[in-house]
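Summary of the model geometry
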Amino acid sequence: MNVDLHCHSNVSDGVLAPAALAAYAHNAGVDVWALTDHDEVGGIARAREAATAVGMRFVPGVEISITWANQTVHIVGLQIDATNTALVNGLAATRSGRDARGREMAEQLEKAGIPGAYEGALKYVDNPDLMSRTHFARYLVECGACASIPEVFRKYLTEGKPGYVPHRWASLQDAVSWIRGAGGIAVIAHPGRYKFGVVGEGALFDEFKQLGGSAIEVVTGSHTPDQYDVYAEQARRYGFLASRGTDFHAPGETRVEFSLLPPLPGGVTPVWHDWF
Ligand code: AMP
Ligand code: MN
Ligand code: MN
Ligand code: MN
């Protein structure tokens, strides 16, 4: 069974509309599918309808941006009630400030010799509430400043590089409480992507667990194959359930297509173990 619990529609920084994304995942062989847009649940109803129509099991989700130890970390919520008031209000508060941040990013890029990036990125934005670094990355490729999206994130938009604007997101405690309050399961997204020393990662896992977080992503398109085993071991060590998902954003733009993501390694309990 192909269970894919992390991907993005054009309600955040993916390119496919929720219904088109459901069809794409289904055609790629996904049996159980979660939509997890950044800081947004506006696509869930359309995704659920389209997924159900083709016989795919649907899991309502979200990927919340938080700031922890002065770094941006992503917390996925699965099986959430997307109409829960505290969650909806918390996400709205988290989104606010993205537009102003985008304008500052563009000012920096202009000083670095790339004018017009705000308008350029905006062409890729479908949800005006959710301007993301990904939209800028697409424009930086379009205008020839970089040859690929990974190159953009090596040269621009990240700490110490032009176009990086530090931003304070939600707290870990808020994100976990919004997710749990909406009946969901909190999952640390792509733990291998953060730049903590080993000690920092352990501190994040401990605090997350204490707050009621229950899972980490083990197999994700944002991990290298080596990291699948590293985070399977961390899941066992900390007693977390293991999640799996492509982190798909767009055809051809993604590191791993739906059909090519490997299954979870043995010895971990899947986050979906008691869902069906
Ligand atoms: P934001 O929420 O605006 O800070 O944008 C974060 C998004 O940028 C992530 O969800 C990814 O889609 C994208 N992103 C960040 N780092 C990278 C990277 N190294 N390579 C490709 N995409 C990235
Ligand atoms: Mn993204
Ligand atoms: Mn993420
Ligand atoms: Mn993601």
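Source: prediction; values computed, not measured.

For the rest of this paragraph, the subject is the overall build of the chain. Tallying secondary structure elements over the chain gives ten helices and seven strands in all. Taken against the 2.2 N^0.38 rule, which gives 19 Å for 276 residues, the C-alpha radius of gyration of the chain at 18 Å falls within 12% of a compact globule. Taken over the C-alpha atoms alone, the chain extends approximately 50 × 45 × 40 Å along its principal axes. Relative to its full complement of 276 residues, the chain shows a buried share of 56%. A separation of at least 24 residues holds for 71% of the contacts in the chain among residues at least 6 apart in sequence.

A separate point is the site of ligand 1. What surrounds ligand 1 is a group of 13 residues, the closest being His38, Arg98, Arg101, Arg133 and His249. His38 is positioned with one of its side-chain polar atoms (N or O) 2.8 Å from an oxygen atom of ligand 1. Looking at the shell around ligand 1, the elements that each hand over two or more residues are helix H4 (98-111), helix H6 (133-142) and helix H7 (149-155). Of the residues belonging to the shell around ligand 1, the class tally is two nonpolar, five polar and six charged. Of the domains in this structure, domain 1 (3-95 + 168-260) and domain 2 (98-155) are the two that each give at least three residues to the shell around ligand 1.

Counting 70 residues, the largest nonpolar core has Trp33 and Ile75 as its most contacted members. When residues of this core are assigned to their parent elements, the largest contribution, six residues, is made by strand E3 (residues 57-68). In this structure, Ile75 is in contact with Val62, Glu63, Ile64, Ile66, Leu172, Ala175, Ile179, Ala186, Val187, Ile188 and Phe208, ignoring residues within four places of it in sequence. Ranked by size, the runner-up nonpolar core spans 19 residues in total, among them Met105, Ala106, Ala137 and Ile149.

Around a metal, the idealised angle for a tetrahedral arrangement of four donor atoms is 109.5 degrees; for an octahedral arrangement of six donor atoms it is 90 or 180 degrees. The coordination sphere of the manganese ion (ligand 2) contains the protein donors Asp13 (OD), His38 (NE2) and His249 (NE2), at a distance range of 2.1 to 2.2 Å. Positions of the donor residues of the manganese ion (ligand 2), expressed as sequence spacing, correspond to D-x24-H-x210-H. Separating the manganese ion (ligand 2) from the manganese ion (ligand 3) is a gap of 5.6 Å. Separated by 236 residues along the polypeptide, Asp13 in the loop between strand E1 (3-4) and helix H1 (18-27) and His249 in the segment after strand E7 (241-245) bring together distant segments of the chain. Here the two residues Asp13 and His249 agree in accessibility, since each one is buried.

Let us look at the side chain of Ser65. Within the fold, Ser65 resides in strand E3. Overall, the relative accessible area of 1% leaves Ser65 in the buried class.

Thresholds, definitions, all that
Residues numbered from 1 in each chain as written. Chains lettered and ligands numbered in written order. Predicted model: local features only at pLDDT ≥ 70, side-chain atom pairs only at ≥ 80, totals over all residues. Heavy atoms only, no water. Helix = DSSP H or I, 4+ residues; strand = E, 2+ residues; numbered from the N terminus. Rg over C-alpha atoms; globule rule 2.2 N^0.38 Å. Buried < 20%, exposed > 50% of the residue type's maximum accessible area, 1.4 Å probe, protein only. Contact = heavy atoms within 4.5 Å. Near = heavy atom within 4 Å. Polar contact = N/O pair within 3.5 Å; in protein donor to acceptor, adjacent residues only side chain to side chain. Nonpolar A, V, L, I, M, F, W, Y, C, P; charged D, E, K, R; others polar. Domains from an automatic or database assignment. Core = buried A, V, L, I, M, F, W, Y, C linked by side-chain atoms within 4.5 Å. Donors = N, O, S within 2.8 Å, 3.2 Å for Na, K, Ca; no water.

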